[in-house]
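Here are the chains, one letter per residue:
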Amino acid sequence: MAAGAATNGRPIAAPPSELVRFATAGSVDDGKSTLIGRLLFDTKSIFEDQLASVERASGQRGDGYMNLALLTDGLRAEREQGITIDVAYRYFHTPRRKFIIADTPGHEQYTRNMVTGASTADLALVLVDARKGVLEQSRRHAFIASLLRIPHLVVCVNKMDLVEYDQSVFDRITAEFSGWLAKLDIHDVTFIPISALHGDNVVDRSEEMPWYEGTSLLYHLEHVHVASDRNLRDPRFPVQWVVRPMSDEHHDYRGYAGEVASGVFRTGDEVVVLPSGRTSRIASIDTFEGELDEAYPPLSVTLHLEDDIDVSRGDMICRPENRPTEAREIDAMVCWMSERPLSPSARYRIKHTTRTALAKVDEVRYRIDVNSLHRDKEANGLELNEVGRLRLRLSSPLFVDEYRRNRATGSFILIDESTNDTVGAGMVL
Amino acid sequence: MSVLDSPRDSRGDHMTYEISHLRALESEAIHVIREVAAELERGVLLFSGGKDSAVLLHLARKAFHPGGLPFAVMHVDTGHNFPEVIEYRDRMVAEVGAQLIVASVQDSIDQGRVVEEKGPRASRNRLQSVTLLDALEEHGFKAAFGGARRDEERARAKERIMSFRDDFGQWDPKAQRPELWNLYNGFIKPGEHVRVFPLSNWTELDVWQYINEEGIELPSIYFAHDRDVFRRDGMLYATSEFVELLPDEETFSESVRFRTVGDMSCTGAVTSRAATLDEVVAEIAATRITERGETRADDRISEAAMEDRKKEGYF
């Protein structure tokens with residue numbers, strides 16, 4: 001079927017070309033829910049019965065207006081308390097792209113939720129209230145975006161209607177925020193003056209702010225280049241599952257199923273399997289539909305090797321001349337996500353790619369104040385929502401890259417052995 | 001040329017390595033399915049015969065190809081199904097070569113585990129949670145794959161892809177494990193299990209586009225057909241032995257199709273002449289009402305109907 005052919009050329013029914021994930025962060029009053037509501041509404045992603053339900057609920061609560069936050073706040077406790085508890089995922093599409101929004105609450109105690117939403121995001125959208133300027137919270141959001149290495153940051157200066165669409169307000173906030181961002185490792189930052197309530201610069205360019213020469217938010221989201229953010233240089237293939245059909249048809253078949261973490265694999269490539277160090281060549285890249293000539297992130301495929309060597313789940317297939325670090329000790333930034341504090345000398349499970357080992361905390365090098373970036377070297381633990389640099393010792397080697405170079409092979413989670421909870425999010429330095 | 005496959009066909013263009021959004025969603029789902037199969041001992045794929053579970057089964061086949069499924073397929077059978085769906089279920093499971101387990105709500109009623117609702121508005125929808133949890137426990141399943149999507153409903157929008165269930169089968173929305181990158185934590189204790197939703201990030205339109213692109217077979221009731229129906233609460237329901245008509249309700253024939261597949265007693269039909277996949281996709285793309293709002297009586301009970309059922313152990 002050709003694009004749009006089934007729908008008399010209506011573009012909306014043609015599969016959008018690209019998937020883009022973005023995380024939004026903002027505080028209770030800066031209009032984040034209104035902005036998301038506006039994006040969903042203006043892209044016709046809100047359905048009539050959802051609107052009716054929001055209207056009904058707004059009336060019951062006595063809000064006196066259509067409270068678009070009720071669209072995203074799905075849990076009973078959230079609607080009762082008027083707060084957002086957890087990351088909510090929202091979806092909309094335009095003819096060009098499909099978007100996944102990870103909508104994260106902005107309160108300080110929910111830093112862990114923003115880290116969660118940010119971990120898979122291509123882009124972070126931070127809201128600043130034009131009347132209030134850059135708050136501690138705005139700085140924290142930008143820090144987390146840089147910590148998680150979200151490649152693109154959009155700062156929406158919202159409520160421009162309440163400052164008479166004044167350019168000097170926008171310029172002042174842009175200058176102040178840029179000063180903070182200079183301390184962080186963020187390379188692509190875009191500032192957009194908006195009014196989420198009135199729709200200024202959200203979908204269409206605003207006529208109220210002729211001094212603004214940039215694009216609308218939606219235009220930016222549709223055109224920001226995300227495909228090149230993937231690491232296509234370093235071939236890494238963590239083995240998830242060994243396919244051994246043992247059927248008559250495929251009696252001797254052994255294939256290694258997984259998702260390409262980074263880089264490009266081609267049929268005929270010489271590869272090395274870690275930790276064994278055995279080498280072979282890729283005989284074929286198999287999928288349900290047939291063989292591929294090459295595989296790249298994030299395709300899920302099955303690699304079939306020329307030689308019958310021992311490969312199991314947790315092994316890493318890469319190229320002989322381009323290998324990850326075989327690490328028994330790692331230095332990492334860790335965001336703590338549990339009510340039970342991290343204690344030095346404690347032991348955790350560590351899951352990295354498809355491999356799980358045990359990790360001991362050898363040292364808390366410092367705790368970083370997410371508001372000032374001050375490094376507290378006296379810290380000897382981490383509490384919920386705190387971020388610090390740890391030295392971890394591992395029970396068996398992991399095959400890691402620096403997170404800044406490779407998000408897929410530089411990230412890990414820590415799991416509490418007694419509760420089985422996910423307690424830490426780690427990024428290899 | 002298929003739209004879905006165009007990135008794979010553009011191999012001459014080595015600079016871009018573009019991937020369509022459907023292929024990205026497919027790859028994510030396959031990753032999740034493999035990860036759970038590898039980390040949790042006994043898995044089971046919950047299969048209702050609806051379009052989402054049809055996609056789920058298709059993805060599971062892809063995940064382990066050329067091997068077979070490393071888990072069984074289970075249908076929680078209310079006894080009030082569309083016959084077309086049961087026929088489809090048996091055919092698909094046989095084609096895949098999987099083991100089919102049927103957990104019967106009727107058995108739960110006969111054994112006194114649940115009490116059947118009475119009256120014209122009676123539904124076995126809620127009873128399924130007990131049958132499901134009993135079956136998971138009986139077979140010792142540690143992971144149950146489901147086809148639920150986050151765009152379906154607000155409570156689901158907050159749920160993890162791998163969603164933890166305690167010893168009582170309960171979901172606690174306030175105590176969910178953080179889910180970071182593509183790293184899933186499959187550690188659980190005896191008695192606990194996880195529900196796994198590989199289609200979490202798919203929308204209804206994504207599902208239909210994917211079905212269209214992949215040529216996935218569906219039960220015939222998804223396509224327009226003439227059927228005896230009656231109108232209740234603004235929705236059209238199939239006339240069947242499982243529903244008592246109220247005094248002012250009467251049966252008439254209409255060209256309809258179903259947007260979701262559930263019990264005959266609580267699944268509404270939409271008036272439609274869309275008889276092919278292309279025509280259904282076009283209708284879905286133009287619709288202004290959600291599938292659950294349009295066709296599911298079970299969600300109309302209250303603002304938090306789904307959240308409440310999920311806490312009890314519902315799908």
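Above this text you will find the structure in question.
The rules behind each value
- Residues numbered from 1 in each chain as written.
- Chains lettered and ligands numbered in written order.
- Predicted model: local features only at pLDDT ≥ 70, side-chain atom pairs only at ≥ 80, totals over all residues.
- Pairing = 2+ DSSP bridges.
- Helix = DSSP H or I, 4+ residues; strand = E, 2+ residues; numbered from the N terminus.
- Axes fitted to C-alpha atoms, helices over the stretch in contact; angles between N-to-C directions.
- Buried ≥ 20, exposed ≤ 12 C-beta atoms within 10 Å, placed from the backbone.
- Core = buried A, V, L, I, M, F, W, Y, C linked by C-beta atoms within 7 Å.
- Contact = placed C-beta atoms within 7 Å.
- Right-handed = clockwise from strand over helix to strand, strands pointing away.
- Parallel < 35°, antiparallel > 145°, perpendicular 65-115°, else oblique.
- Left-handed = near helix turned anticlockwise from the far one by under 90°.
- Nonpolar A, V, L, I, M, F, W, Y, C, P; charged D, E, K, R; others polar.

J.: Which residues make up the sheet that holds strand β9 (residues 252-258) of chain B, and what values go with them?
T.: All names here are of chain B. The antiparallel closed barrel is built from four strands, whose spatial order is β7-β8-β10-β9. Direction aside, neighbouring strands of the sheet carry axes that sit 70° apart on average. Two strands pair when backbone bridges link them, and strand β7 (residues 225-232) and strand β8 (residues 235-238) are joined in this way by four bridges, in the antiparallel orientation. Bridging from a neighbouring strand, valine 229 pairs with alanine 238 of β8.

J.: Describe the environment of glutamate 213 of chain A, listing the residues and the values that go with them.
T.: Residue and element names in this part refer to chain A. By the secondary structure assignment, glutamate 213 is in the loop between β6 (188-193) and α8 (217-223). Overall, glutamate 213 belongs to the exposed group, with 7 C-beta atoms counted inside 10 Å. Here the alpha-carbon distance between glutamate 213 and isoleucine 192, two residues 21 residues apart in the chain, equals 9.6 Å.

J.: Give me the lowdown on the pairing of strand β19 (residues 355-368) of chain A, citing residues and values where you can.
T.: Remark: a regular strand shows side chains that alternate across the two faces of the sheet. All names here are of chain A. Relative to β19, strand β18 (residues 347-352) runs antiparallel, the two sharing six bridges. Paired with isoleucine 350 across the two strands is alanine 357, which belongs to β19. From the end of β18 to the start of β19, which pair antiparallel, there are two residues, and threonine 353 there has a positive phi angle of about 45°. Judged from the eight bridges that link them, β19 and strand β21 (residues 387-400) form a sheet pairing that is antiparallel.

J.: Let's hear about the nonpolar core: which residues, and what values?
T.: The biggest cluster of nonpolar side chains holds 194 residues, and the ones touching the most others in it are Ala118, Ala124 and Cys156 of chain A together with Ile33, Leu45 and Val196 of chain B. Per-element tally for this core: the top contributor is helix α2 (residues 21-39) of chain B, with nine residues. Beyond its immediate stretch of four places on either side in the chain, alanine 118 of chain A contacts Ala23, Ala124, Ile144, Ala145, Leu148 and Ile150 of chain A.

J.: Give me the sheet that holds strand β4 (residues 123-129) of chain A: which residues, what numbers.
T.: Residues and elements named next belong to chain A. Ordered in space as β2-β3-β1-β4-β5-β6, the six strands form an open sheet in which the pairing is mixed. Where the open sheet ends on each side, the last strands, each with one partner, are β2 (88-93) and β6. Put simply, the sheet's adjacent strands are angled 25° from each other on average, direction ignored. Of the strand pairs in this sheet, strand β1 (residues 18-25) and β4 are connected by four bridges, and their pairing is parallel. Directly across from phenylalanine 22, in β4, lies its bridge partner leucine 123.

J.: So what's going on with the pairing of β6 of chain A? Residues and values would help.
T.: All names here are of chain A. In this sheet, β6 lies alongside strand β5 (residues 152-158) in parallel orientation, the contact comprising six bridges. The residue of β6 that forms the bridge with histidine 152 is aspartate 188. On the question of chirality, the crossover connecting β5 to the parallel β6 by way of helix α7 (residues 167-181) is right-handed.

J.: Lay out the packing of helix α5 (residues 111-119) of chain A against helix α6 (residues 136-147) of chain A with the relevant residues and their values.
T.: All names here are of chain A. Where α5 contacts α6, the axes come no closer than 10 Å and their chain directions differ by 40°. Comparing their axes, α6 and α5 come out oblique. Seen from above, α5 lies across α6 with right-handed handedness. In contact with Thr111, Met114, Val115 and Ala118 of α5, α6 contributes His141, Ile144 and Ala145. Its residues assigned to classes, the contact of α5 with α6 shows five nonpolar, two polar and no charged.

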